[in-house]
Each structure stands twice: as C-alpha cells, then as structure tokens.
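Chain residues, written in single-letter form:
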Amino acid sequence: MNAEAALYVRYQSPVRHQRGHFTGVFGLVNGLAREGKLTAEQERFRRTNNDWYDSAYPDPSTIDPTVYDHDVNPRAVAWFKATATHLIERVPGYLEILDAHGVECRVVRSSDPGRVVYEDEFQVVVVPYEA
C-alpha cells in the first residue's frame, strides 16, 4: 500500500495472541516489563513514555468501557491516525526495546483496518475485517 494512502498506522506482533488479535507495540513492551525482562534504562523509558502517552491522548476504554469487551468487539485493536505524528514519533524507542529482546514487531498501514468502534482525533479502535 502507498504510504500516502494509509490513513492509519499500527505497530504489532506478526503472531496472533491467544485471543486472536496481534498484540500492539505497547502491549509487547509492557509484557516484557511484567516479566521483569527490562533493564533499568528500558524501564525508565517505558514508564516515562507510557505516562506521556496516557496524558497525550484519551484511553478509549475510559470513554466507552465496551470498546475492548471481547464479546461486544472481538479482537478490537487501536490504530494511530497517520496524522498523529507527535504520537508516532515516540514509537521507535519502544521498537528498540523489542529488538534488544528479540521480539518481532511490524508496522502495518491501512486506509480501512476494520469496523470502527471508537474514534478520536488521534486514533481509532477497530474490529478487524479478517476472520
């Protein structure tokens, strides 16, 4: 897909999670943190930047608690809007952490990633079309 045509960007595992979705970049790094695998420097980066993201844009589940409900919206995942460059520009630090731990993460771009169940000026949460 032509990068200019892509309206949405997602960083995710190339392998499906047990619930059927592809874990996003934040979930992958947070998983390493829960497992105690991050260095002190990586943990500082994660905590500082997670806090920044938490204050920079809305958490969809606080606005609509059903957004990530597995029965209501199975496999729902968030995508950045391609215009949210100030949010996307911090992702490479997360990718460096994943790379240091041998965890694969790919970038996916789409103009139509799925059925939109939430949208704000920075992101969408969608239920993917694929089975």
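These figures come from a predicted structure and were not determined experimentally.

Basis of the calculations
Residues numbered from 1 in each chain as written. Predicted model: local features only at pLDDT ≥ 70, side-chain atom pairs only at ≥ 80, totals over all residues. Heavy atoms only, no water. Buried < 20%, exposed > 50% of the residue type's maximum accessible area, 1.4 Å probe, protein only. Helix = DSSP H or I, 4+ residues; strand = E, 2+ residues; numbered from the N terminus. Arc of directions from axis to C-beta. Contact = heavy atoms within 4.5 Å. Axes fitted to C-alpha atoms, helices over the stretch in contact; angles between N-to-C directions. Parallel < 35°, antiparallel > 145°, perpendicular 65-115°, else oblique. Left-handed = near helix turned anticlockwise from the far one by under 90°. Nonpolar A, V, L, I, M, F, W, Y, C, P; charged D, E, K, R; others polar. Phe/Tyr/Trp six-rings, centres within 6.5 Å; stacked < 30°, edge-to-face > 60°. Lys NZ or Arg CZ within 6 Å of the ring centre and 35° of its normal.

Draft legend 1. The arrangement of helix H5 (residues 91-100) in detail. If you check which residues of H5 are buried, you get Val 91, Gly 93, Tyr 94, Ile 97 and Leu 98. Around the axis of H5, the buried residues are gathered within 160° of arc, so they sit on the same side. Set apart from the buried face of H5 by more than 90 degrees, the exposed residues are Glu 96, Asp 99 and Ala 100. Residues of H5 that are buried make contact with strand S1 (8-16), helix H1 (25-34), helix H2 (40-56), strand S3 (77-81) and helix H4 (85-88). The first or second residue beyond H5 is Gly 102, which carries a positive phi of 70°.

Draft legend 2. Looking closely at the packing of H1 against H5. Between H1 and H5, the least distance of the axes is 10 Å, while the angle of their chain directions is 45°. As far as their axial angle goes, H5 and H1 are oblique. The crossing of H1 and H5 is left-handed. Across the interface between the two elements, Val 25, Phe 26, Leu 28, Val 29 and Leu 32 from H1 touch Val 91, Tyr 94, Leu 95, Ile 97 and Leu 98 from H5. Within the contact of H1 with H5, the residues separate by chemical class into ten nonpolar, no polar and no charged.

Draft legend 3. How the structure looks around the packing of aromatic side chains. Taken as a whole, this structure holds eight aromatic pairs when the rule is applied. Centre to centre, the rings of Phe 26 and Tyr 94 are 4.9 Å apart; their planes meet at 85°, and the pair counts as edge-to-face. With Phe 26 in helix H1 and Tyr 94 in helix H5, the pair connects residues that are 68 residues apart, well separated along the chain. Given the relative accessible area of 0%, Tyr 94 is considered buried. Ring geometry for Tyr 53 against Tyr 57: centres 5.9 Å apart, planes inclined by 85°, an arrangement best described as edge-to-face. Look at Tyr 53 and you get buried, because its relative accessible area is 4%. Residue Tyr 57 is classed as buried on the basis of its relative accessible area, which comes to 18%. The rings of Phe 26, Phe 45, Trp 52, Tyr 53, Tyr 57, Phe 80 and Tyr 94 are connected pair by pair, giving a single aromatic cluster. The ring of Trp 52 has Arg 90 lying over it, and the distance from NZ or CZ to the ring centre is 3.7 Å. Over the face of the ring belonging to Phe 22 we find Arg 106, whose NZ or CZ atom lies 5.1 Å from the ring centre.

From the geometry alone we can't say anything about function, so treat these as descriptive.
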